[in-house]
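# Topology and contacts: notes
Next come the chains, spelled out residue by residue.
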Amino acid sequence: MQIVIATTRMDALKTFAEALCAKAGADLVRTGSGAETLEKVREAAPALVVVDENLPDFKPFALVSELLMVNAMINTATVSSLSDADFHEASEGLGILAPVPVNPGAADGEKLAEILEGVTF
């Protein structure tokens, strides 16, 4: 099982990513752009794609929309600085599993792994 994390700030997401992958029993694949992420998903469907803010070529919700066109069954989460209410409004209809804090830690990774486990197993 693979988890793709689309980010240009892997150092800031390292602890989160390690905890997420360890708890989910998944291998980490890092991409640095939306285009690269779409290519990875076309090659093989990962268990989860986590989309960070500030990718060079896509806004997070736009990339999730594109990912769903490639594979409508893909699980996604997005890093977001939006409030819960604003996140809900902006992501409505995209089926995003959960927002991830801008500077997530290990507990955030473990929590997302638990959410993923609930939808995939």
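### Examining the overall build of the protein
In terms of regular secondary structure, the protein is built from 5 helices and 5 strands. In terms of overall size, the protein behaves like a compact globule, its C-alpha atoms giving a radius of gyration of 13 Å where 121 residues would be expected to give roughly 14 Å. On the principal axes, the C-alpha backbone points of the protein span a range of 35 × 30 × 30 Å. Counting all 121 residues of the protein, 44% fall into the buried class. Here the analysis covers contacts within the protein between residues at least 6 apart in sequence; of these, 61% occur between residues at least 24 apart. Summed over all atoms, the accessible surface of the protein reaches about 6,100 Å², with 49% contributed by carbon and sulfur. Positive and negative side-chain charges of the protein, numbering 8 and 18 respectively, have mean locations separated by a distance of 5 Å.

### Examining the pairing of strand β2 (residues 27-31)
Looking along a regular strand, one sees side chains alternate from face to face of the sheet. The sheet contact formed by strand β1 (residues 2-6) and β2 spans 5 bridges and is parallel. Within β2, the residue paired with Gln 2 across the bridge is Asp 27. In this fold, the crossover linking β1 to β2 by way of helix α1 (residues 10-24) has right-handed handedness.

### Side note on the pattern of salt bridges
Working definition: two side chains of opposite charge can pair if their charged atoms are close together. The full count for this structure, using the stated rule, is 3 salt bridges. With its nearest N and O atoms 2.8 Å apart, the salt bridge here joins Arg 9 to Asp 52. Here Asp 52 lies in the loop between β3 (48-51) and α3 (60-70) and Arg 9 lies in the loop between β1 and α1, a separation of 43 residues in the sequence. Note on Arg 9: relative accessible area 23%, which makes it partly exposed. Glu 114 is the salt-bridge partner of Lys 23, the closest N and O atoms lying 3.5 Å from each other.

### Remarks on the nonpolar core
One broad rule of soluble globular proteins: the nonpolar side chains tend to lie buried together. Among the nonpolar cores identified, the biggest contains 20 residues, and Ile 3, Phe 16, Leu 20, Leu 48, Val 50 and Leu 112 are the most heavily contacted of them. When residues of this core are traced back to their parent elements, those giving at least two are β1, α1, β3, β4 (76-79) and α5 (106-120). In terms of residue count, the dominant contributor to this core is α1 (7 residues). Those residues in contact with Phe 16 that lie beyond four places of it in its chain are Ile 5, Val 50, Val 100, Pro 104, Gly 105, Ala 106, Asp 108, Gly 109 and Leu 112. Listed in part, the 15 residues of the second largest apolar core include Val 4, Ala 6, Leu 67 and Leu 94.

### Remarks on the sheet that holds β3
One open sheet accounts for 5 strands, arranged β2-β1-β3-β4-β5; its pairing is parallel. Looking along the sheet, the strands with just one partner apiece sit at the ends: β2 and β5 (99-100). Direction of pairing for β1 relative to β3: parallel, over a ladder of 4 bridges. Among the inter-strand pairings, Ile 3 is bridged to a residue of β3, identified as Leu 48. Of the strands in this sheet, β3 and β4 touch α3, which is tilted by about 165 degrees from β4.

How each quantity is defined
- Residues numbered from 1 in each chain as written.
- Predicted model: local features only at pLDDT ≥ 70, side-chain atom pairs only at ≥ 80, totals over all residues.
- Heavy atoms only, no water.
- Helix = DSSP H or I, 4+ residues; strand = E, 2+ residues; numbered from the N terminus.
- Rg over C-alpha atoms; globule rule 2.2 N^0.38 Å.
- Buried < 20%, exposed > 50% of the residue type's maximum accessible area, 1.4 Å probe, protein only.
- Contact = heavy atoms within 4.5 Å.
- Areas by Shrake-Rupley, 256 points an atom, 1.4 Å probe, with all protein chains shown as cover.
- Lys, Arg positive; Asp, Glu negative; His and termini not counted.
- Charge placed at Lys NZ, Arg CZ, Asp CG, Glu CD.
- Pairing = 2+ DSSP bridges.
- Right-handed = clockwise from strand over helix to strand, strands pointing away.
- Salt bridge = Lys/Arg side-chain N within 4 Å of Asp/Glu carboxyl O.
- Core = buried A, V, L, I, M, F, W, Y, C linked by side-chain atoms within 4.5 Å.
- Axes fitted to C-alpha atoms, helices over the stretch in contact; angles between N-to-C directions.

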